[in-house]
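One-letter residues, chain by chain:
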Amino acid sequence: MADGSSKYKPYRSPAGGWGAAAATAKVLMEQSVVGKGSRALLSMNQPGGFKCPSCAFPDATCTRKLEFCENGAKALAHEATKFRVTREFFAKHSVSELMEQSDYWLEMQGRLTEPMRYDAARDHYVPVSWDDAFALIGRHLSALEDPDQAEFYTSGRTANETAFLYSIFVREFGTNNFPDCSNMCHEPTSRGLPHSIGIGKGTVILDDFEHAEAIFLIGHNAGTNAPRMMTPLVEARKRGVPIVAVNPMPERALIRFTEPQDIVQMATFGSTAITSEFVHIRTGGDLALLKGMMKVLFEREAAGETVLDQEFIAEHTEGFAALKADVEAQGWPELVAAAGIDKAQIRRCAEIYIASQATIICYGMGVTQHQQGSQLVQQIANLLLLKGNFGKPGAGISPIRGHSNVQGDRTVGIDEKPGQAYLDKVRDVFGFEPPREHGHHTVESVEAMLAGTAKVFIGLGGNFVRAVPDTDRSYAAMRKLDLTVGIATKLNRGHLVHGKEALILPVVARSERIETVKGEQFVTIEDSMSNVTASRGVLDPASDDLLTETEIVCRMAMATLPHSKVDWASYIEDYDLIRDKIAAVYPALYEGFAERIAAPHGFHLDIPPRRRVWATPNGKANFLVLPGLAVNAPVNDPAMLRLATVRSHDQFNTTIYSYNDRYRGVYGDRMILFMNADDIADRGLEAGAKIALETIGCDGIARRVEGLTIIDYPMSRGSVAGYYPELNPLLPLAFYDRISGCPAAKSIPVRVVASDAAA
Ligand code: SF4
């Protein structure tokens, strides 16, 4: 690895540990909030405090004094930052000049302070009053011939109360166009899993990790994307629980980790080996691994052993025979070739699974971001069903969500494909007839912009144009719009790639107090494991001219729907009223919301498979067949490599905290390509060489990214990786999972070509 320069040197230390402590101190200093930030961190993820605005990993109930990780600290420091983006800043910098700046530079400028309107004549953002801003939005939305000409985006940072009101406003306005960030990450979980077990969420809760007899981590980098998950994994290893990690990249935290809150380990520079079996799978090879493991189970059962939970299968499932036939039809040579690992390792994984009576399978984007992502998720459910790993302690399926309330937003109505029963409830509770046709998910919303049928984009948080595929085309799409609105805490490129008219509306952040005439208000967040907790900010808002995201939604509605049936003004002042409505629309989940949320650690939403109840059309859990061994369309090009776009360790979604990625040994550079030594040699290249990547396209559009430095990295053969959003220009808009609409960002077919860029 490395080319001898200081920018790429292997990281030999365990993940976590002193490195994490140092990174936490560094970011607080960088953002000039050592005192303020440290005090706030003592309230983060604590009862009575605020929920971390970063990932969605649940809080332990046995509260430790410090309940945050390094990446949570980065998110908080960047939110609490001393730096401000003021009207003077916008007067100094034209939008064209700002477009020349990097995503990192934009992030480092600080918090937005007042509403701004784009002045096309001067190419600058200029101050605008809140009233004028809402009036502009109301005018544009009311002027549309059809409500479906507007796209309403939601970022996973949006709290339940705001997301719920947004879903009601947009439906009263008349559309289900809800592109949201989960469309690009766990949508295959939300759309695929209900066919298997009747719910599009995980069935595992944090306590289950204490009872698991085996844990599988598939296509997920916990050490960076859910760092506090390392704690239950370390505890499991200390109990001797086998952990199997499946990944084309040997992520540092999956190998060795030092628990920063373990004084002994810190004092002695000790650490824990996390993975007992590391499966260096080829990109997309997970299907073959899962089928190979199931094949071993069927072989053992056929040999007269009892490895399947036949009683569970008989009572609770359907589709067993079809699955068995499909799996038994797979030959070992094909399984081994597709997985990119040897038969012995597949058998070892199966043995670990067979020996365990309570298994948890966690997964991330390495499973979902493929053209067959939804059906691949269903194969994980198949494996778990074969041994009855639902409805008992220590067992179940666990999609690890990467954004703090992305699951909650879906639960409270951010859904372009809403169910009819839910729409009936909305009608009954709010007295208007909601639209019944399905709306646009993220890819469809960009397609509508490109086609010119979309006219208005409202972005409730996020950095849409940097998160979506096909960057060049998405920029062009955005610029065709009549109005774009960015509701945000920080300046980002989504505000600079804008429509003919554009607004930036700054909000009160998660860590900041919400005060109304009715007193202090709190919001609620649902984490990856369906635990709903209260979040109360502890800091003063960054500016006196910010509004809460809830007030912004209500005032957009009031400006757009003068004859609305909804009492928007009341919700601005009293969030309990919003929760009462949530309970009214979702009684099965949220009945008694007001009382239950008073509990220090909140409450769990009902997860029927934990009671072995299957909310499927046939009332059973279903074995579902995905024929073959491929999760992406074949590409007939010998030079083809599968590109996975990934986060660095100093990145949260499209927010760049620094140019370092220390666990992978990268410093000061994001234009890099992680590549296997043999793949480098096969192409007559060397580590450190500058290359370009081209997409092996399917639509006649040339896609190319220049100036990437090859890093010799222990990738699995045929697999390469690089960072998004820099490599999103290579991801075709049409390259997505048809069931869910999720872009297949972990398996883009590319080839390495000579770079035109200077070395
Ligand atoms: S694990 Fe996730 S939610 Fe928890 S502190 Fe870290 S980033 Fe925040």
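Note on numbering: residues in each chain are counted from 1, in written sequence order. In keeping with the model being predicted, local features are shown solely for residues with a pLDDT of at least 70 and side-chain atom pairs are shown and tallied solely at 80 or more, while totals for entire chains, interfaces and linings include all residues. Neither water nor hydrogens contribute to the side-chain values; these are computed over all heavy atoms in the structure.

Counting from the N terminus, the helices are the DSSP runs of H or I reaching at least four residues and the strands are the DSSP runs of E reaching at least two. Mapping Asn632 onto the fold places it in the loop between β23 (621-622) and β24 (641-646). According to the relative accessible area criterion, Asn632 is buried, its value standing at 9%. For Asn632, the side chain forms a polar contact with the main-chain nitrogen of Gln371, separated by 2.9 Å. A polar contact of 3.0 Å, which involves the side chain of Asn632, links it to the side chain of Ser747. Not counting the four nearest positions on each side in its chain, Asn632 is found in contact with His370, Gln371, Gln372, Arg642, Phe735, Ala744 and Ser747. Exposure is judged per residue with a 1.4 Å probe applied to protein chains only, and the accessible area is read against the type maximum: over 50% gives exposed, under 20% gives buried, and values in between give partly exposed. Distance and chemistry together define a polar contact, namely a pair of N or O atoms within 3.5 Å, with one atom able to donate a hydrogen and the other to accept it when in protein, and with adjacent residues in sequence counting only for side-chain atoms on both sides. Residues are treated as being in contact if the distance between any of their heavy atoms lies within 4.5 Å.

Let's shift gears to the sheet that holds strand β8 (residues 243-246). On the basis of which strands lie adjacent, the open sheet formed by five strands has the order β11-β8-β7-β13-β14 and parallel pairing. Among the strands making up the open sheet, the edge pair consists of β11 (277-279) and β14 (396-399). Sheet twist, expressed as the mean angle between neighbouring strand axes with direction ignored, is 15°. Of the pairings in the sheet, the one linking β8 to β11 comprises three bridges and is parallel in character. In the strand pairing of β11, Ala245 is matched with Phe278. Each of β7 (214-218), β8 and β11 is contacted by helix α14 (residues 286-302), which is oriented at about 155° to β7, the strand it contacts most. Paired strands, as defined in this entry, are two strands with at least two bridges between them according to DSSP. Axis geometry follows a simple rule: fit a line to the C-alpha atoms, using only the stretch in contact for helices, then measure angles between N-to-C directions, giving values from 0 to 180 degrees.

Attention now moves to a negative patch on the surface. Patch membership is restricted to residues that have no salt bridge and whose relative accessible area is over 30%. Joining uses 9 Å for like charges and 5 Å for the nonpolar side chains Val, Leu, Ile, Met, Phe, Trp and Tyr. In this description, accessible areas are obtained by the Shrake-Rupley approach with a 1.4 Å probe, and a residue is regarded as covered only by the protein chains that are shown. A pairing counts as a salt bridge when a side-chain nitrogen of Lys or Arg comes within 4 Å of a carboxyl oxygen of Asp or Glu. As used throughout, the charge tally considers Lys and Arg to be positive and Asp and Glu to be negative, leaving His and the chain termini uncounted. The atoms used to mark charge sites are NZ of Lys, CZ of Arg, CG of Asp and CD of Glu. A surface patch of like charges, here negative, comprises Glu145, Asp146, Asp148 and Glu437. Its relative accessible area of 34% is what places Asp146 among the partly exposed residues.

Moving on: the domain arrangement of the chain. For every domain, the bounds stem from an assignment made automatically or drawn from a database. By the assigned domains, the chain splits into domain 1 (11-80), domain 2 (84-182 + 406-600), domain 3 (187-404) and domain 4 (641-758). With centres defined by C-alpha atoms, the gap from domain 1 to domain 2 works out at 26 Å. Of the residues lining the interface, 19 residues belong to domain 1; the matching set on domain 2 comes to 21 residues. Regarding the contact of domain 1 and domain 2, the summed buried area is about 1800 Å², with carbon and sulfur atoms giving 56% of it. Put simply, buried area is the surface a 1.4 Å probe can reach on two separate parts but cannot reach once they are joined, added for both.

Next up on the list: the packing of α14 against helix α17 (residues 332-339). Where α14 meets α17, the axes come as close as 8 Å, and the angle between the chain directions of the two elements is 145°. Of the two possible hands of crossing, α14 and α17 adopt the one that is left-handed. Facing α14, whose interface residues are Ala288, Leu289, Lys291, Gly292, Lys295, Val296 and Glu299, α17 presents Trp332, Leu335, Ala338 and Ala339. Gly is placed with the polar residues, together with every amino acid not listed as nonpolar (Ala, Val, Leu, Ile, Met, Phe, Trp, Tyr, Cys and Pro) or charged (Asp, Glu, Lys and Arg). Of the residues contributing to the contact of α14 with α17, the split by class is seven nonpolar, one polar and three charged. When the near helix sits turned anticlockwise from the far one by under a right angle, the crossing is termed left-handed; a clockwise turn instead gives a right-handed crossing.

A side chain with one charge may pair with a side chain of the opposite charge, provided their charged atoms come close. On inspection of all chains with the given rule, the structure shows 53 salt bridges. For Lys291, the salt bridge is made with Asp326, and the minimal N-O distance between the two is 2.7 Å. Here the residue Lys291 occupies a position in helix α14, and Asp326 occupies one in helix α16 (residues 320-328), the gap between them amounting to 35 residues. Across this residue pair, the class does not change: Lys291 and Asp326 are buried. In this structure, Asp576 engages Arg579 in a salt bridge whose closest nitrogen and oxygen atoms are separated by 2.8 Å. On the criterion of helical spacing, the pair formed by Asp576 and Arg579 is a turn pair, its members being three residues apart in helix α28 (residues 575-585). On the basis of relative accessibility, which here comes to 2%, the residue Arg579 falls in the buried class. Sharing partners across several salt bridges, the network here consists of Asp180, Glu187, Arg191, Arg410, Asp415, Glu416 and Lys417.

Before going further, it helps to spend a moment on the sheet that holds strand β17 (residues 501-506). Strands pair in a sheet through their backbones, by hydrogen bonds, and they do so in one of two ways: parallel or antiparallel. In spatial order, the strands read β5-β4-β17-β16-β15-β6; together these six strands make up an open sheet with mixed pairing. Every interior strand has two partners, whereas the edge strands, β5 (124-127) and β6 (150-154), have only one. Here the strands of the sheet are splayed against their neighbours by 20° on average, with no regard to which way each runs. For strand β16 (residues 483-488) and β17, the ladder comprises six bridges, and the chain directions are parallel. In the sheet register, Thr484 faces β17, and the bridge partner there is Ala502. Seen against the sheet, helix α26 (residues 549-560) touches β15 (456-460), β16 and β17 and runs at an angle of roughly 155° to β15.

We now examine the nonpolar core. Judged by nonpolar contacts, the single largest core of 67 residues is most densely connected at Ile137, Phe164, Tyr166, Phe169, Met556 and Tyr590. Looking at this core element by element, the count peaks at eight residues for helix α8 (residues 160-173). When near neighbours in sequence (up to four residues on either side) are disregarded, Phe169 contacts Leu141, Phe152, Val553, Met556, Ala557, Thr560, Leu561 and Trp568. In this structure, Ile199, Ala214, Cys349 and Leu385 belong to the second largest nonpolar core, which totals 58 residues. Note on terminology: a nonpolar core comprises buried Ala, Val, Leu, Ile, Met, Phe, Trp, Tyr and Cys residues joined through side-chain atoms within 4.5 Å.

If a single non-hydrogen atom of a residue is within 4 Å of a molecule or strand, that residue counts as near it. Looking at the ligand, the residues that line it are Asn45, Cys52, Ser54, Cys55, Phe68, Cys69, Gly72, Pro227 and Arg228. Grouping the amino acids of the shell around the ligand by side-chain chemistry returns five nonpolar, three polar and one charged.

Remember that side chains alternate between the two faces of the sheet whenever the strand is regular. For strand β30 (residues 719-723), a buried count of five out of five residues is recorded, marking the element as mostly surrounded by other parts of the structure. Of the two faces of β30, the one holding Ser719, Ala721 and Tyr723 and the one holding Val720 and Gly722 are both buried throughout. Bridging between β24 and β30 involves five bridges; their strand directions are parallel. Looking at β30, one finds that Thr645 is bridged to Gly722.

Turning our attention to the packing of aromatic side chains. Aromatic rings from Phe, Tyr and Trp, with only the six-membered ring used for Trp, were paired whenever their centres fell within 6.5 Å, and each pair was classed as stacked if the ring planes differed by under 30 degrees, edge-to-face if by over 60, and tilted otherwise. By the definition in use, this model includes 29 aromatic pairs. Here Tyr590 and Phe593 contribute two aromatic rings whose centre-to-centre distance is 4.5 Å and whose plane-to-plane angle is 40°, an arrangement assigned as tilted. Each member of the pair, Tyr590 together with Phe593, is buried. Of the aromatic side chains, those joined through ring pairs into one cluster are Phe152, Tyr166, Phe169, Phe173, Phe178, Trp568 and Tyr571. When the NZ atom of lysine or the CZ atom of arginine is within 6 Å of a ring's centre and also within 35 degrees of its normal, the charge is said to sit over that ring. Across from the ring centre of Phe430, 5.6 Å away, lies the NZ or CZ of Lys581, which sits over that ring. The ring of Tyr736 has Arg738 sitting right over it, with the charged end atom 3.9 Å from the ring centre.

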